[in-house]
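Coordinates in review
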Amino acid sequence: MEALAAFLREAGLEPVFSRCLYRRDGGPFSGTPQERAKELNGFFGDPEVGMILDISGGDAANGILPYLDYGAAGRSRAVFWGYSDLTAVINALYAKTGRPSVLYQAAHLAEGDWQRRAFRSLLSGKGGDLFRFSYEFIQGSSMEGIVAGGNIRCLLKLAGTPYWPDMRGKLLLLEARSGTAARISSFLAQLRQMGVFEQASGILLGTFLELEERDSIEELVFEYAGRDIPVARTGQIGHRTDSHGIWIGRRLEL
């Protein structure tokens, strides 16, 4: 965190740390859901805050959703950045406010040279290399739509809740750190049973790190999503330390 703060200052920003940054009393939580939501609401309500770089992950992010001030978030100029378990927060913010957020682990800026260059370029308005990524189609040849999704496990925490985004016409991004074929297939089965693959305009697959050590994500996707929906792959979005960012809640054309 000290290295990240030093870089942000070098880039011309002034970092302000949350009071719920570190876990407390040897437990897994950095505060109650209400306390953590209060911190985030405060950042959304502060007109001087331009970016909220959430560097957490894990499991507990969705606990804050009932306590967020979506009105303040919708009015705020601050852009929320996060990845992994923050997929739940990012998609909830889009579902409730229509505001886009960035799926990216900002902690990588503490030591990644190309990410630092890309971030500085983004701040200067000279380029968006942080959000440019290579891809290839494995089914179909084009897709477009507002991007929804992220980490598949964490996205499905929103199923059946008021925070699930409308998937009609969306470009569905899916990636994962953990999960072998059995676990990932269960997630894909749930998406199919929810009708998501019938609603989406296309599927963009990021990295599936544990699965790809032994198996192929493509065959699982074909099994559950079918052979009609466009599907593209990228190795540059996900949980790798050199991953690029992507806007959730903005239109993308591939």
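Our structure's up above, just so we're on the same page.
Residues numbered from 1 in each chain as written. Predicted model: local features only at pLDDT ≥ 70, side-chain atom pairs only at ≥ 80, totals over all residues. Heavy atoms only, no water.

1. Digging into the sheet that holds strand 10 (residues 251-253)
Within the open sheet, the six strands sit side by side as 4-8-7-6-5-10. Their pairing is mixed. Two strands lie at the open edges of the sheet, namely strand 4 (136-139) and strand 10, each paired on one side alone. Strand-to-strand twist across the sheet, computed as the mean angle between neighbouring axes with direction ignored, equals 35°. Judged from the three bridges that link them, strand 5 (residues 144-151) and strand 10 form a sheet pairing that is antiparallel. Residue pairing across strands places Gly145 opposite Leu252, the latter belonging to strand 10. (Pairing = 2+ DSSP bridges. Helix = DSSP H or I, 4+ residues; strand = E, 2+ residues; numbered from the N terminus. Axes fitted to C-alpha atoms, helices over the stretch in contact; angles between N-to-C directions.)

2. Quick notes on the pairing of strand 6 (residues 171-176)
By the criterion of burial, strand 6 is predominantly enclosed, with six of the six residues buried. Of the two faces of strand 6, the one holding Leu171, Leu173 and Glu175 and the one holding Leu172, Leu174 and Ala176 are both buried throughout. In terms of strand pairing, strand 5 meets strand 6 through five bridges, oriented parallel. Within strand 6, the residue paired with Gly149 across the bridge is Leu173. (Buried < 20%, exposed > 50% of the residue type's maximum accessible area, 1.4 Å probe, protein only.)

3. Side note on a nonpolar patch on the surface
Nonpolar side chains collect at one region of the surface, where Met1, Phe17 and Tyr22 lie side by side and expose about 320 Å² of accessible area between them. Positionally, Met1 belongs in the segment before helix 1 (2-10). (Patch = residues over 30% accessible without salt bridge, like charges linked within 9 Å, V, L, I, M, F, W, Y side chains within 5 Å. Areas by Shrake-Rupley, 256 points an atom, 1.4 Å probe, with all protein chains shown as cover. Salt bridge = Lys/Arg side-chain N within 4 Å of Asp/Glu carboxyl O.)

4. Thoughts on the nonpolar core
Val89, Ile152, Leu174, Ile184, Leu188 and Ile246 are the most contacted members of the largest nonpolar core, which has 64 residues in total. Not counting residues up to four positions away in its chain, the partners in contact with Leu174 are Gly150, Ile152, Leu155, Leu188, Leu191, Ile203, Leu204, Leu205, Gly206 and Phe208. Core analysis: the second largest hydrophobic core is formed by 14 residues, Trp81, Ala106, Phe131 and Trp247 among them. (Core = buried A, V, L, I, M, F, W, Y, C linked by side-chain atoms within 4.5 Å. Contact = heavy atoms within 4.5 Å.)

5. Some thoughts on the packing of aromatic side chains
As enumerated under the stated definition, the model contains eight aromatic pairs in all. Relative to Phe131, the ring of Trp81 lies with its centre 6.1 Å away and its plane at 55°, an arrangement referred to as tilted. Taken together, the residues Trp81 in strand 2 (residues 79-82) and Phe131 in the loop between helix 5 (113-124) and strand 4 connect sequence positions 50 residues apart. Looking at Trp81, the relative accessible area reads 2%, which means it is buried. Ring pairing ties together the aromatic residues Phe7, Trp81, Tyr104, Phe119, Phe131 and Trp247, which thus form one cluster. (Phe/Tyr/Trp six-rings, centres within 6.5 Å; stacked < 30°, edge-to-face > 60°.)

6. Topic: the side chain of Asp85
Relative to the helices and strands, Asp85 is located in the loop between strand 2 and helix 4 (87-97). Since its relative accessible area comes to 0%, Asp85 is described here as buried. A distance of 3.5 Å separates the side chain of Asp85 from the backbone nitrogen of Asp59, its partner in a polar contact. With residues up to four places along the chain from it excluded, the contact list for Asp85 reads Gly57, Gly58, Asp59, Ala60, Ala61, Asn62, Cys154 and Lys157. (Polar contact = N/O pair within 3.5 Å; in protein donor to acceptor, adjacent residues only side chain to side chain.)

7. Description of the pattern of salt bridges
Evaluation of the coordinates by the stated rule reveals twelve salt bridges. The residue Arg132 makes a salt bridge to Asp129 at a minimum N-O spacing of 2.3 Å. Put simply, Glu212 and Arg233 hold a salt bridge, and the shortest N to O gap is 2.7 Å. One end of the pair, Glu212, is in the loop between strand 7 (202-208) and helix 9 (217-225); the other, Arg233, is in strand 8 (residues 231-233), and 21 residues separate them in sequence.

Geometry only, nothing functional implied.
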